[in-house]
Structures are given as structure tokens and as C-alpha cells.
Amino acid sequence: MAQVTLKGNPVEIGGVLPAAGSQAPAFTLVGEGLADTSLQDFAGRRKVLNIFPSIDTPTCATSVRTFNAKAGSLDNTVVLCISADLPFAQARFCGAEGLDNVKTLSTLRGRDFHDTYGVAINNGPLAGLTARAVVVLDENDTVLHTELVGEIADEPDYEAALAALS
């Protein structure tokens with residue numbers, strides 16, 4: 001079990017973040033139109049998993065905007081923005097912001113993702129949501145980079161995540 005903070009207050013995180021060099025665990029989450037969407041649906045592409053609590057918070061929204069801006073220049077790479085938000089809210093946000101270089105996925109179904117990827121917030125006001133993390137995978141779903149952001153209100157290290165794809 002890991003621990004991070006939310007505005008300086010300790011928060012317990014359940015599960016174990018996949019280690020660099022390991023095979024990423026399979027998952028099925030909810031995509032556009034409430035369709036089941038799995039990791040396998042992106043086979044053969046490099047993947048950046050941008051995991052966060054809710055798109056309706058300033059830091060989470062910034063991470064989606066930032067990865068969207070950077071994703072356009074990445075070859076054979078998809079950015080998957082994963083949160084507990086309903087697909088309708090995710091689509092509304094991306095539509096209003098004009099974001100089309102990211103794919104959104106909801107943990108509405110497939111909540112085992114929280115523990116499998118080591119991002120389950122177990123206590124505090126955000127219990128039941130995911131911590132902020134980035135997991136970068138190659139074309140074969142081998143983990144290249146992981147970051148569990150130590151302070152949930154902080155942005156991830158975008159440059160480190162993207163450097164893993166170089």
C-alpha cells in the first residue's frame with residue numbers, strides 16, 4: 001500500500017502500481033457511448049494512461065489539456081484519460097475544450113482497475129476515486145514508466161512520461 005497526500009493530508013492508496021519492465025494488467029473500462037473498451041482495443045499502439053480522480057477539478061482538467069496538446073506529435077501513441085467520471089461528462093468536457101487527441105475511459109464498470117493499477121484511494125474525501133498517476137506502455141503493453149503523483153493536487157511529470165516514449 002502506498003501513501004500520497006491531498007492538500008497535505010495523508011491518503012492511503014490501495015493496490016500496487018505496475019513496475020517498469022512488467023506486463024501491464026489487462027483492463028476493460030467504459031468508453032464512448034457506454035461501450036466496453038479494453039486495453040486490447042489499443043493493441044499495437046504505445047499508450048499513455050493519464051489516471052486522475054475527476055475531470056471536473058482544475059488539475060485533472062489541466063492534465064487532459066496538456067496531454068492532448070502533446071499527443072498530436074507522438075507517433076503510434078494514444079493517450080487514455082481514465083477517471084470515475086461518466087463518459088457523458090468526459091465527452092462534454094473534451095467537446096467544449098476542442099480536445100481530440102485523447103481518448104477518455106470511465107471506471108464506471110471495471111472498478112478492479114483501481115487496485116490492479118495501484119491507484120485506489122481508500123480513505124479521505126476522495127475515497128472510491130483514483131489517485132493521480134501516469135503509466136506509459138509500449139506497443140506490447142510492457143510498462144515503460146510509472147508515476148504515482150505524491151500530492152493529488154499536483155500535476156504529473158509530463159516530460160518524464162513522454163521521455164519514456166523516446
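Before reading on, note that the structure itself is shown above.
Notes on the structure in this doc start here. What you see is a predicted model, and the numbers here were worked out from it, not measured in a lab.

One pass over the structure, following the stated rule, counts four salt bridges. Across the salt bridge formed by Asp36 and Arg109, the nearest N and O atoms sit 2.9 Å from each other. One end of the pair, Asp36, is in strand β4 (residues 36-38); the other, Arg109, is in the loop between β7 (102-106) and α3 (112-116), with 73 residues separating them in the sequence. For Arg109, a relative accessible area of 36% gives the class partly exposed.

Its place among the elements puts Ser166 in the segment after α4 (158-163). When the C-alpha atoms of Ser166 and Leu74 are compared, they prove to be 9.6 Å apart, with 92 residues separating the residues in sequence.

Following the criterion strictly, the structure yields four aromatic pairs and no others. Taken together through their ring pairs, the aromatic side chains of Phe27, Phe113 and Tyr117 make up a single cluster.

Thresholds applied
Residues numbered from 1 in each chain as written. Predicted model: local features only at pLDDT ≥ 70, side-chain atom pairs only at ≥ 80, totals over all residues. Heavy atoms only, no water. Salt bridge = Lys/Arg side-chain N within 4 Å of Asp/Glu carboxyl O. Helix = DSSP H or I, 4+ residues; strand = E, 2+ residues; numbered from the N terminus. Buried < 20%, exposed > 50% of the residue type's maximum accessible area, 1.4 Å probe, protein only. Phe/Tyr/Trp six-rings, centres within 6.5 Å; stacked < 30°, edge-to-face > 60°.

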